[in-house]
Number of protein chains: 2
Amino acid sequence: MYAFSKAVNSMHSEDVKQLMKQASGKNLISFAGGMPNNDLFPVEQIDELYNSLSPEIKKLCFQYGPTSGYPPLVKSLESYLEKKGLIIGDNKILITTGSLQAISIITQEFVNEGDIILTENPCFVGALTVFETFGAEIHSIPIDKHGINIEALKSKIESLDRKPKFLYVTPNYHNPAGIIYSPERKKELLETLAGTGIILIEDDAYSDLYFNEEEKSLTKAMKSNGVQDVEIIYTGSFSKILGPGFRLGYMLSSEEIFEKAETVKQALDACTSSFMQILANEFLVQNKLEPYLTFLRSEYLERKDLLQQYLKTYMPEEVTWNEPKGGFYVWLKLPSHIKSTEIFNESVSRGVVFVTGRTFDPASEKDDRLRLSFSNMPKDQIEKGVIILSEAIKKVLQNSKMVLS
Amino acid sequence: MYAFSKAVNSMHSEDVKQLMKQASGKNLISFAGGMPNNDLFPVEQIDELYNSLSPEIKKLCFQYGPTSGYPPLVKSLESYLEKKGLIIGDNKILITTGSLQAISIITQEFVNEGDIILTENPCFVGALTVFETFGAEIHSIPIDKHGINIEALKSKIESLDRKPKFLYVTPNYHNPAGIIYSPERKKELLETLAGTGIILIEDDAYSDLYFNEEEKSLTKAMKSNGVQDVEIIYTGSFSKILGPGFRLGYMLSSEEIFEKAETVKQALDACTSSFMQILANEFLVQNKLEPYLTFLRSEYLERKDLLQQYLKTYMPEEVTWNEPKGGFYVWLKLPSHIKSTEIFNESVSRGVVFVTGRTFDPASEKDDRLRLSFSNMPKDQIEKGVIILSEAIKKVLQNSKMVLS
């Protein structure tokens, strides 16, 4: 691989390893894991589905399938996406081995060593790992509570001597920032990109996990707008609506982009597990998804509410945060002179872990935030976790005051 | 991706698409598919295993796992490989999403655009697709019935102005040639590579599928020899001993190679499906593999014997072939003035498909062979298939004689 052998080791690759370790730490209270808790998976539903498969379909589970995906799943996904307001039209779906593989395929399709790509800051660390591994030059644009900062984006594009290959964004229940883009910001973003030739990658792993039915419309994808001046590749995942262990994702793109992506996928793993695709298809076809989502939404809402309540009760007033309207994350803001990494060191020794802010900064510098994930947190541990974390923060704040005075 | 965007379209990528189509052609008798027949999969055994999983393990099926692989499966694989004579020692196993992903990872780890790699001729077409997609300059070395031609290999290495990054071989029940390397040839190969710094990739997808227990020792891996002067990366697959639909493979390599490979894998799909890894692990741990292999060996032996018998009965005398001692393939040799592609055109119109010889030539030229796979062929169709194929061959031979006279 041209990029890999030349690139310096990906810092974010180390961060991800660290993250996995933290998330699975046995005796720790972990706000680190950006995944569902083991107790939330639809185990019984899948049991039932698996045992109801006909012998002929079961045999297909063991066999190769087309590189583009198991055709019945492609069809079910089309319906699923159309219900979300996406217009399939001439676009095509490629099933991928997790949505990270979709990001990887897109990167390999468009990015040569040293090419520029744009990301949000903060940015999903898994994507950063991919971009770094394949040697992209990453330029990041700050986000606020309504989405990417349009003025900063415009200035960035103007200041570059080469056209970025794409802009990667996660507009719905952002990882790590927890925000959702406002409709106005989405519109401004599309207007800004129109005519620039910069592809928009719209990564949408969390849109089904809104807390309030009335706010569902806010999750509508930018790719829903039909034909427009911006080439959009939409990526989605089964990791949050079925389980990351399935390694199932997909991308929806123009036929031209799809065809090259299919060729890249053929050279990566030939096809995605038929077994996993068939179970996921049955999950959709047998209408198991909606009831499961209803269950998940209420579970995550409850966890989010508990976390909010305890944060309000225990956090020192110097710490602020957003209240997410869906997804997995709360993004705490520290006073600017305090580093998240300092808090981490204090907190881990007391038995609580989370992910430091700089993990999500492409430059691995900006460190005044910390990500708390409530998705993987047992409800009865949230209060204890917040108490310990707030004590760790208070300790670091106190130390900093002593230094300052 | 540097290589992909610059490379001409991979011819072999198109071949693979064609191959998949042929293999699954509904009303065709297909000798094309290099996969087990749907009726041979261990469906009942997996049913039993799945339903015997504890609730805690089932939950793990849905969750992320380490990039390197589900630790119990890594352990089971170590035992499995040690039983085959491999010495794990300081080597490490990386679980991959099919063994094609292992080949892809190794290529991305070592090959920059334009770097030289060596393959056999003929060569497994899936690997050729990977090598071409990532922009390798492929040089191929002929094989005979005992393995790679050592003199040709030496001449090739001497003639090159740059050191090849690796040599890719499939010594056991070669795809497509059906041969197994002799112990002498393996020894000569290792002696030839010793000290050259050329890595050897030993792809071993078929070694469990010998027809004669007494010949099992011939399948012993070159990597079994312990520490030696040649760096060997050994790759294996569950596709032939469980099912390709699981997308499960692995690579065994030095720790240094493993660590970089793990980083590449993290940027490809984060980890392989936990669900598939857990089922495969139970298959090994609960000793389901050996009885299943005994069943497979007898099934494939029976198909091979039938194919041999009908080839002897129906083929014109100008056509010759090897009798394989394991695996999936018979590699027919045509008179040199006849092209496999001509036979294909004649044969497909009569309802029989196979894979043309040039599909396996990195240069897509050499076309005096054709691959018959018996693994995916229902026993009761073999005779009819051979009759039709031999008629097609006779027709082409007759036409060529008319042209010559």
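Residues numbered from 1 in each chain as written. Chains lettered and ligands numbered in written order. Predicted model: local features only at pLDDT ≥ 70, side-chain atom pairs only at ≥ 80, totals over all residues. Heavy atoms only, no water.

We now examine the relation of the copies chain A and chain B. With an RMSD of 0.0 Å, chain A superimposes on chain B once it is rotated by 180° and translated 0.0 Å along the axis. Classification of the inter-copy transformation places it as that of a two-fold axis. Here 100% of the contact residues of chain A are again contact residues in chain B; the copies associate through an equivalent surface. (Least-squares fit on C-alpha atoms with pLDDT ≥ 70 in both. Contact = heavy atoms within 4.5 Å.)

Residue and element names in this part refer to chain A. A grouping of Asp90, Glu231, Glu255, Glu256 and Glu259 is seen on the molecular surface, where their side chains present a negatively charged patch. With respect to the secondary-structure elements, Glu231 resides in the loop between strand S7 (199-203) and strand S8 (232-237). The class for Glu231 is partly exposed, based on a relative accessible area of 35%. (Patch = residues over 30% accessible without salt bridge, like charges linked within 9 Å, V, L, I, M, F, W, Y side chains within 5 Å. Areas by Shrake-Rupley, 256 points an atom, 1.4 Å probe, with all protein chains shown as cover. Salt bridge = Lys/Arg side-chain N within 4 Å of Asp/Glu carboxyl O. Lys, Arg positive; Asp, Glu negative; His and termini not counted. Charge placed at Lys NZ, Arg CZ, Asp CG, Glu CD. Helix = DSSP H or I, 4+ residues; strand = E, 2+ residues; numbered from the N terminus. Buried < 20%, exposed > 50% of the residue type's maximum accessible area, 1.4 Å probe, protein only.)

It is worth spelling out helix H5 (residues 71-83) of chain A at this point. All names here are of chain A. Over its 13 residues, H5 runs 19 Å from end to end, which matches the ideal 18 Å to within 8%, given 1.5 Å per residue. Where H5 is concerned, the buried positions are Leu73, Val74, Ser76, Leu77, Tyr80 and Leu81. The buried residues of H5 all sit within an arc of 165° when viewed along its axis, so they share a single face. Across H5 from its buried face, at more than 90 degrees, point the exposed residues Lys75 and Lys83. Directly after H5, the chain includes Gly85, whose backbone phi takes a positive value near 100°. (Expected span 1.5 Å × (residues − 1). Arc of directions from axis to C-beta.)

Glancing now at the sheet that holds strand S8 (residues 232-237) of chain B. Residue and element names in this part refer to chain B. Pairing in this open sheet of eight strands is mixed, and the strands run S2-S9-S8-S7-S6-S3-S4-S5 from one edge to the other. Since the sheet does not close on itself, it has two edges, and those belong to strand S2 (92-96) and strand S5 (147-148), each with one partner. Contacting S2, S8 and strand S9 (249-253), helix H10 (residues 255-266) crosses the sheet at an angle of about 20° to S2. (Pairing = 2+ DSSP bridges. Axes fitted to C-alpha atoms, helices over the stretch in contact; angles between N-to-C directions.)

Let's shift gears to the domain arrangement of chain A. Residues and elements named next belong to chain A. You can read the domains of chain A as domain 1 (2-42 + 290-404) and domain 2 (62-289). In this structure, domain 1 and domain 2 have C-alpha centres spaced 24 Å apart. Contact with domain 1, which involves 41 residues of that partner, is made by 38 residues of domain 2. Surface buried jointly by domain 1 and domain 2 totals about 3200 Å² across both partners, of which 66% is contributed by carbon and sulfur atoms. Linking Glu215 and Lys325 is a salt bridge whose minimum nitrogen-to-oxygen distance equals 3.9 Å. (Domains from an automatic or database assignment. Buried area = accessible area lost by both parts, 1.4 Å probe.)

Within this structure, the stated rule accounts for zero disulfides over all chains. Not part of a disulfide, Cys61 of chain B finds its nearest cysteine sulfur in Cys271 of chain B, a span of 12 Å. Given the relative accessible area of 0%, Cys61 of chain B is considered buried. With no disulfide of its own, Cys123 of chain B has Cys271 of chain A as its nearest cysteine by sulfur position, at a separation of 19 Å. Residue class for Cys123 of chain B comes out buried when judged on its relative accessible area of 0%. (Disulfide = S-S within 2.5 Å.)

Here the focus is helix H9 (residues 183-193) of chain A. All names here are of chain A. All buried positions along H9 are accounted for by Arg185, Lys186, Leu189, Leu190, Thr192 and Leu193. Looking straight down H9, one finds its buried side chains confined to an arc of 160°; they lie on one side. For H9, the exposed residues lying more than 90 degrees away from the buried face are Glu184 and Lys187. In this structure, the buried side of H9 is in contact with strand S4 (137-144), strand S5 (147-148), helix H8 (150-159), strand S6 (166-169), S7 and S8. In the segment just after H9, Gly195 is the residue with positive phi, at about 80°.

In this structure the tally under the stated criterion is 38 aromatic pairs over all chains. Measuring from centroid to centroid gives 6.3 Å for Phe275 of chain A and Phe275 of chain B, while their planes differ by 40°, and the two rings are tilted. Pair noted here: Phe275 of chain A is in helix H11 (residues 274-285) and Phe275 of chain B is in helix H11 (residues 274-285), and the two residues belong to different chains. Assigned by exposure class, Phe275 of chain A and Phe275 of chain B land together as buried. Between Phe344 of chain A and Phe354 of chain A the ring centres are 5.4 Å apart and the planes differ by 80°, which places this aromatic pair in the edge-to-face class. A residue pair is termed long-range when its members are at least 10 positions apart, and Phe344 of chain A in helix H13 (residues 340-349) and Phe354 of chain A in the loop between strand S11 (352-353) and strand S12 (355-356) qualify at ten residues. The burial state of Phe344 of chain A is the same as that of Phe354 of chain A; both residues are buried. (Phe/Tyr/Trp six-rings, centres within 6.5 Å; stacked < 30°, edge-to-face > 60°.)

All names here are of chain A. Reading across the sheet, the three strands line up as S10-S13-S12 and stay open at both edges, with antiparallel pairing between neighbours. Across the chains shown, the open sheet's two edge strands, defined by having one partner strand only, are strand S10 (329-333) and S12. Bridge count between S12 and strand S13 (residues 369-373): two bridges; the pairing is antiparallel. What sits directly across from Val355, in S13, is Arg371.

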